[in-house]
Amino acid sequence: MARQGAVDPHELQAALGAVAAWLRDEAAAKPDRAAVASAVRLTARTLAALAPGNSVEVRVAPFVAVQCVAGPRHTRGTPPNVYETDARTWLRLAAGLLDPSDAHEARLVSASGHRAREVERWFPLAGLGG
């Protein structure tokens, strides 16, 4: 699990800025793995700080998994509430470039369990500006 705690907003904006062109246009050059990993981890940590708890697990493989949203704690096996997607989709959701309903309709997100989609109330987590 990723460590939880406050994320420096300037660090978050810089990480998102480094991948912004790719998030806005899939045809743009894909940023290097380290830049994508940093943006994914910082946005996931931001969510965990905004929605502390252990009832939903957010997975963005291969970069991060965090537990968030207040409620019953999950400790073993497959969590009952899992929100899972790829890095680009996650970052587009986190930056407000993709509506969660559109992501589900396009089957870009897997949300299992009756509470999994509760994470969407915190989107966007940050903006890209300009």
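Everything discussed here concerns the structure shown above.
Quick caveat, the model's predicted, so the values are computed rather than measured.

J.: Any chance you could explain the sheet that holds strand E3 (residues 82–85) here in plain terms?
T.: Spatial strand order, E2-E1-E3-E4: 4 strands in an open sheet with mixed pairing. Every other strand in the sheet has two partners, leaving strand E2 (64–68) and strand E4 (109–112) as the edge strands with one partner each. Going across the sheet, the axis of each strand differs from the next one's by a mean of 15°, ignoring polarity. Across 5 bridges, strand E1 (residues 56–60) lies against E2 in antiparallel orientation. Paired with Arg59 across the strands is Ala65, a residue of E2. Lying on the sheet, helix H2 (residues 33–50) is in contact with E1 and E2; it crosses E2 at an angle near 5°. Where helix H3 (residues 87–94) meets the sheet, it contacts E1, E3 and E4, and its direction lies at approximately 110° from that of E3.

J.: Can you walk me through the pairing of E3 in this structure?
T.: The side chains of a regular strand alternate between the sheet's two faces. Judged from the 3 bridges that link them, E1 and E3 form a sheet pairing that is parallel. Within E3, the position partnered with Arg59 by the bridge is Glu84. Where E3 and E4 come together, 4 bridges link them in antiparallel fashion. Bridged to Thr85 within E4 is Val109.

J.: When you look at the side chain of His104 in this model, what are you seeing that I'm missing?
T.: Within the secondary structure, His104 is located in helix H4 (residues 100–105). Residue His104 is classed as buried on the basis of its relative accessible area of 18%. There is a polar contact of 2.5 Å between the side chain of His104 and the side chain of Glu120. Ignoring anything within four residues of it in the chain, the contact list for His104 reads Tyr83, Val109, Ala111, Arg117 and Glu120.

J.: Please clarify how the packing of helix H1 (residues 9–24) against H3 should be interpreted in this entry.
T.: The geometry of a pair of packed helices is captured by two quantities: the angle between their axes and the separation between those axes. At a minimum axis separation of 10 Å, H1 and H3 run at an interaxial angle of 105°. By the angle between their directions, the pair H1 and H3 is classed as roughly perpendicular. Taking contact as the criterion, the partners of Leu16, Val19, Trp22, Leu23 and Arg24 in H1 are, on H3, Arg88, Leu91 and Arg92.

J.: Looking at this structure, how should I read the packing of aromatic side chains?
T.: The geometry of an aromatic ring pair comes down to the distance between the two centres and the angle between the two planes. Per the stated rule, a full pass over the model turns up 2 aromatic pairs. The lysine or arginine in question, Arg88, covers the ring of Trp22, its NZ or CZ lying 5.9 Å from the ring centre.

J.: Got a minute to help me understand the pattern of salt bridges in this structure?
T.: Side chains that differ in sign of charge can pair as their charged atoms come close. This structure, assessed with the given rule, holds 4 salt bridges. Note that Glu120 is salt-bridged to Arg117, the shortest N-O span being 3.0 Å. On the basis of relative accessible area, Glu120 is assigned to the buried category, the value being 14%. A relative accessible area of 39% places Arg117 in the partly exposed class. Measuring nitrogen to oxygen at the nearest pair gives 3.4 Å for the salt bridge that ties Glu118 to Arg121. Each of the salt bridges in this network shares a partner with another, and the network as a whole consists of Arg115, Glu118 and Arg121.

Parameters and conventions
Residues numbered from 1 in each chain as written. Predicted model: local features only at pLDDT ≥ 70, side-chain atom pairs only at ≥ 80, totals over all residues. Heavy atoms only, no water. Pairing = 2+ DSSP bridges. Helix = DSSP H or I, 4+ residues; strand = E, 2+ residues; numbered from the N terminus. Axes fitted to C-alpha atoms, helices over the stretch in contact; angles between N-to-C directions. Contact = heavy atoms within 4.5 Å. Buried < 20%, exposed > 50% of the residue type's maximum accessible area, 1.4 Å probe, protein only. Polar contact = N/O pair within 3.5 Å; in protein donor to acceptor, adjacent residues only side chain to side chain. Parallel < 35°, antiparallel > 145°, perpendicular 65-115°, else oblique. Phe/Tyr/Trp six-rings, centres within 6.5 Å; stacked < 30°, edge-to-face > 60°. Lys NZ or Arg CZ within 6 Å of the ring centre and 35° of its normal. Salt bridge = Lys/Arg side-chain N within 4 Å of Asp/Glu carboxyl O.

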